[in-house]
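Tertiary structure, described
Chain residues, written in single-letter form:
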Amino acid sequence: MINLTKNSRISLEKNGSQLKEISIGLDWGSIQHSYLFGLLKDSTAVDLDGSVSLFAGDKQEIETVYFHNLKSRGGAIKHSGDDRVGDSSADNKDNEIIYINLEQINPKVTSIFIYLNSYKQQDFASIPYAKIKIVEGKNHNPQQTFATYNIASDETYSGYVSMIMGKIEKLNNNWTFTALGDPIKAKNIKETVMLIQDRYM
């Protein structure tokens, strides 16, 4: 398993062969509170929306898969559905999963961006962690985790309610993944797509 750092790029291949199917796990924590010197604790639900947007080389948005559009045209990408709570403690379970068949992706697509938007506008400085996991195969078996990238709560994220977690790109007919972890000044999916087109392509 590869532990990624910010801006690191890996090829989506194993033993010299391109991976055909992967799943993207998105995992985050709810906001924890302590009272009476830590004797009492509770948590605030965190409703993040994991989405993927597909783009052509001319910056055209081909399609976005998210909680209201759980399956791409042709079925190459499928979304597991909306998680509105987050985890009360760190675990190895993913809140939302996006399944991708790389062989069936629309041939016009050259890049796929994976991002999180806070539905309740809770900023990422208050969210304890957000993780992205790439798993081999179509069943999202944690034992087949190919790579992970973890983001911890950081005060520099204050005021940001959206985060680009990573991008999958086609380079010389081979797919690569780049870990980004960039907080962005966007409040929803539409604004995120426009910002990606303006700054990341």
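Residues numbered from 1 in each chain as written. Predicted model: local features only at pLDDT ≥ 70, side-chain atom pairs only at ≥ 80, totals over all residues. Heavy atoms only, no water.

The subject of this paragraph is the pairing of strand β16 (residues 174-184). With nine of eleven residues buried, β16 is to be regarded as a mostly interior element. When strand β2 (residues 9-11) meets β16, the two strands line up antiparallel, connected through three bridges. In the strand pairing of β16, S11 is matched with T176. With nine bridges joining them, strand β15 (residues 162-171) and β16 adopt antiparallel strand pairing. Directly across from S162, in β16, lies its bridge partner I184. Between β15 and β16, which follow one another and run antiparallel, lie two residues, and N172 among them has a positive phi close to 55°. (Buried < 20%, exposed > 50% of the residue type's maximum accessible area, 1.4 Å probe, protein only. Helix = DSSP H or I, 4+ residues; strand = E, 2+ residues; numbered from the N terminus. Pairing = 2+ DSSP bridges.)

With that settled, the discussion passes to the sheet that holds strand β10 (residues 77-79). Spatial ordering of the open sheet is given by β1-β14-β13-β5-β11-β10, a layout of six strands whose pairing is mixed. The sheet is open, and its two edges are formed by β1 (2-3) and β10, each paired on a single side. Where strand β5 (residues 21-28) meets strand β11 (residues 96-101), six bridges bridge the pair, whose relative direction is antiparallel. Within the sheet, the bridge partner assigned to E21 lies in β11 and is N101.

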